[in-house]
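Here are the chains, one letter per residue:
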Amino acid sequence: MLKEILHLLFPMVLTMTLELSISVVDTIMLGHYSALHLAAVGLASSLWLPVGCFLIGVTFGITPLVTRHLHGRQPKLVNLYMSQAIGLSVVLGLLASLIVVFVLPHFARFMATEEETRLVSVSYLYIFAPALPMLALMTAYKNLFEAAGRPGFPLFVASTGLAFNVLFNYVLIFGKFGFPEMGAEGAALASSLSLYLAVSMFFVYDRYINKAPLFTRLVWRYTRKFSILLGVGAPAGFAFAFEVGLFSSMTWLISSFGDLALGGGQIVMSYTSFLFTPMMAMSAVTAIVVAKAMSKEGVEGVRKRIRVIILIGLSYVSMCFIITQLFHNQIPYIYSSNEQVVALAASILLISSCYQLPDMLQTVFTGALRGFRDTRSSMIAFGVSLFGLSIPLGFWLSHYSPWSETLSLRGFYIGLGAGLSLLAVILVVRFQVVLRRYEGKRIASPREVA
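We now turn to the structure provided with this report.

Criteria and cut-off values
- Residues numbered from 1 in each chain as written.
- Predicted model: local features only at pLDDT ≥ 70, side-chain atom pairs only at ≥ 80, totals over all residues.
- Heavy atoms only, no water.
- Helix = DSSP H or I, 4+ residues; strand = E, 2+ residues; numbered from the N terminus.
- Rg over C-alpha atoms; globule rule 2.2 N^0.38 Å.
- Buried < 20%, exposed > 50% of the residue type's maximum accessible area, 1.4 Å probe, protein only.
- Contact = heavy atoms within 4.5 Å.
- Areas by Shrake-Rupley, 256 points an atom, 1.4 Å probe, with all protein chains shown as cover.
- Patch = residues over 30% accessible without salt bridge, like charges linked within 9 Å, V, L, I, M, F, W, Y side chains within 5 Å.
- Salt bridge = Lys/Arg side-chain N within 4 Å of Asp/Glu carboxyl O.
- Lys, Arg positive; Asp, Glu negative; His and termini not counted.
- Charge placed at Lys NZ, Arg CZ, Asp CG, Glu CD.
- 1 Å grid on protein atoms, 1.4 Å probe; cavity = no way out; pocket = protein on both sides within 12 Å on 5 of 7 lines; lining within 4 Å.
- Points joined across faces, edges and corners; volume = space filled by probe spheres on them.
- Nonpolar A, V, L, I, M, F, W, Y, C, P; charged D, E, K, R; others polar.
- Phe/Tyr/Trp six-rings, centres within 6.5 Å; stacked < 30°, edge-to-face > 60°.
- Axes fitted to C-alpha atoms, helices over the stretch in contact; angles between N-to-C directions.
- Parallel < 35°, antiparallel > 145°, perpendicular 65-115°, else oblique.
- Left-handed = near helix turned anticlockwise from the far one by under 90°.
- Core = buried A, V, L, I, M, F, W, Y, C linked by side-chain atoms within 4.5 Å.

Thoughts on the overall build of the chain
Across its full length, the chain holds 18 helices and zero strands. On C-alpha atoms alone, the chain measures out to a radius of gyration of 21 Å, which is about the 22 Å that the 2.2 N^0.38 rule sets for 450 residues. In terms of its C-alpha atoms, the chain occupies a principal-axis envelope of roughly 60 × 55 × 35 Å. Here the chain holds 450 residues, and the buried ones make up 60% of them. Nonlocal contacts in the chain, meaning residues at least 24 apart in sequence, comprise 83% of its contacts between residues at least 6 apart. Element-wise, carbon and sulfur atoms account for 68% of the exposed surface of the chain, whose accessible area totals about 18100 Å².

So, a positive patch on the surface
On the surface, a cluster of positive charge is contributed by Arg217, Arg221, Arg224 and Lys225. Relative to the helices and strands, Arg224 is located in the loop between α9 (184-209) and α10 (227-254).

Considering the pattern of salt bridges
What the rule picks out here adds up to four salt bridges. Note that Lys142 is salt-bridged to Glu146, the shortest N-O span being 3.6 Å. Of this pair, Lys142 and Glu146 both sit in helix α7 (residues 132-147), four residues apart, which is roughly one turn of the helix. The class for Lys142 is buried, based on a relative accessible area of 5%. For Glu146, a relative accessible area of 1% corresponds to the buried category. Arg303 is the salt-bridge partner of Glu300, the closest N and O atoms lying 3.9 Å from each other. Remark: Arg303 and Glu300 occur in helix α12 (residues 299-327); sequence separation between them is three residues, near one turn of the helix.

Considerations on empty space enclosed by the protein
Here the idea is plain: a probe the size of a water molecule rolls over the atoms and shows the empty space left. Inspection of every chain in the model, using the stated rule, returns three cavities of 30 Å³ or more. When its volume is computed, the second largest cavity comes out at roughly 210 Å³. Lining the second largest cavity are 21 residues, with Phe60, Met280, Ser283, Thr366 and Arg370 positioned closest to its centre. Counting only elements with at least two residues in the lining of the second largest cavity, the list comes to α10, α11 (259-296), α14 (356-371) and α15 (376-399). Here the lining of the second largest cavity takes five residues from α10, the largest share from any one element.

So, the layout of surface pockets
Within this model, the largest pocket holds a volume of roughly 240 Å³. Along the walls of the largest pocket sit Pro50, Val51, Phe54, Leu55, Leu92, Leu95, Ala96, Ile99, Phe238, Ala241 and Phe242, which together make up its complete lining. Elements supplying a minimum of two residues to the lining of the largest pocket: α2 (35-58), α4 (77-102) and α10. Taken together, the residues of the lining of the largest pocket sort by class into 11 nonpolar, no polar and no charged.

As for the side chain of Asn143
As for its position among the elements, Asn143 is in helix α7. Not counting residues within four places of it along the chain, the set of residues in contact with Asn143 comprises Thr59, Phe60 and Thr63.

A word on the packing of aromatic side chains
Following the criterion strictly, the structure yields 19 aromatic pairs and no others. Pairing Phe145 with Phe202 gives two aromatic rings, centres 5.7 Å apart and planes at 45°, and the pair type is tilted. Taken together, the residues span a long stretch of sequence, with Phe145 in helix α7 and Phe202 in helix α9 at a distance of 57 residues. By relative accessible area, which is 1% here, Phe145 ends up buried. Here the aromatic rings of Phe153 and Phe202 are separated by 5.6 Å at their centres, their planes lie at 75°, and the arrangement is edge-to-face. Of this pair, Phe153 sits in helix α8 (residues 152-174) while Phe202 sits in helix α9, and the two are 49 residues apart along the sequence. Note on Phe153: relative accessible area 13%, which makes it buried.

Overview of the packing of α2 against helix α6 (residues 115-128)
Axis separation between α2 and α6 bottoms out at 8 Å; the angle between their running directions is 50°. Between α2 and α6, the crossing angle belongs to the class labelled oblique. When you trace α2 past α6, the crossing you get is right-handed. Side by side, α2 and α6 meet where Leu36, His37, Ala39, Ala40, Val41, Leu43, Ala44, Ser45, Leu47 and Trp48 of the first sit next to Glu116, Thr117, Val120, Ser121, Tyr124, Leu125 and Phe128 of the second. Residues of the contact of α2 with α6, tallied by class, amount to 12 nonpolar, four polar and one charged.

Comments concerning the nonpolar core
Generally speaking, soluble globular proteins have nonpolar side chains that are buried together. Counting residues in hydrophobic clusters, the biggest one holds 134 residues, and the most contacted among them are Trp48, Tyr124, Val302, Tyr413 and Phe431. Top element by residues in this core is α11. It accounts for 17 residues. For Tyr413, the contacting residues outside a window of four places in its chain are Met250, Ile254, Gly265, Val268, Ile348, Ile351 and Tyr355.

Rendered as structure tokens:
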């Protein structure tokens with residue numbers, strides 16, 4: 001079981017880390033380019049990320065569906081789900097692009113305190129918006145390969161995309177090789193180009209090079225009939241958007257403390273997102289192995305694999321906690337040389353390292369429930385715990401509690417930790433309920449798989 005899990009986990013961790021490294025590279029380069037441009041990208045990212053993460057989350061529905069079909073010996077049905085994924089990605093991607101262009105700039109203008117930050121944030125949104133359909137398509141292809149137990153090619157795509165993104169950033173942010181110096185706008189253009197490149201690589205490889213192609217035929221009528229995928233993926237998309245939306249909401253709330261606070265918050269978000277990437281991979285692996293175990297072994301096989309994944313997760317978050325606690329003063333200098341921004345980010349990192357454990361647990365059990373195609377309960381749990389507890393508690397701690405002057409914006413991160421702890425408890429309890437429901441059953445027949 002450990003071999004089965006690690007075979008998927010290592011390439012997926014590397015793939016997601018490399019994909020997230022694109023954002024880290026943007027943050028580092030912009031942090032050394034201009035503190036205001038760093039704040040502008042932090043603000044713009046906090047606005048479009050919930051929209052983008054909904055697109056990513058919707059395609060999560062492919063994972064349990066494809067896994068069960070492949071192990072249920074129904075590979076041709078994969079074409080139907082990928083056709084649905086393409087139709088869904090294009091339709092929702094275009095809607096997301098319109099929201100980013102026509103709605104979000106108004107929020108950016110309202111929230112930014114400096115005129116330059118305001119203008120740069122709006123420009124970033126305008127340039128990046130057309131790439132949102134590609135974000136959904138890239139994730140759909142990646143989920144397809146990983147659900148089929150072939151994580152190697154997504155790793156290659158992520159490595160290539162990161163290399164090109166570093167090059168594009170260097171050329172466009174700082175204006176090298178005759179190109180104009182674009183700052184944050186160059187970072188937006190570089191990220192867009194990387195997404196188009198990734199989708200092109202997936203399509204060309206699976207269509208013309210792959211000896212055992214997974215997506216062999218586009219079924220046009222299913223590009224318009226995506227109710228099955230949407231039914232599984234939409235709650236997962238909302239849950240993912242809720243989680244990222246919470247961080248984005250914190251960025252909006254932090255903006256009242258000034259643009260330097262925005263820069264510090266962006267550093268913390270970039271660093272914690274980097275640490276969160278292996279947990280996201282654990283979630284995806286959990287969904288795959290749970291769906292596979294239920295199609296072959298039943299509940300007992302699921303329990304054994306969950307125990308292995310939890311032990312791996314505990315080892316990882318313990319290492320993250322020790323590193324962050326020891327080097328919290330040094331880590332922010334990777335992103336910025338501004339002393340005020342660095343000092344603020346360092347104090348927040350001490351708090352953020354303390355909620356790594358509940359964050360890991362909620363991520364793993366979200367994936368486990370997704371393996372059972374139970375995404376609606378995760379969506380409700382995310383909404384209740386994060387927006388029902390985290391934001392109200394954080395706002396009270398930062399503004400109205402007896403410790404508000406001392407805590408300042410750090411109160412929001414304490415509230416986040418409380419919300420994640422509640423979320424972890426809810427999801428663990430829900431998973432036990434689902435397991436009892438499937439006790440003695442196995443998803444094996446073609447009808448049940450379909």
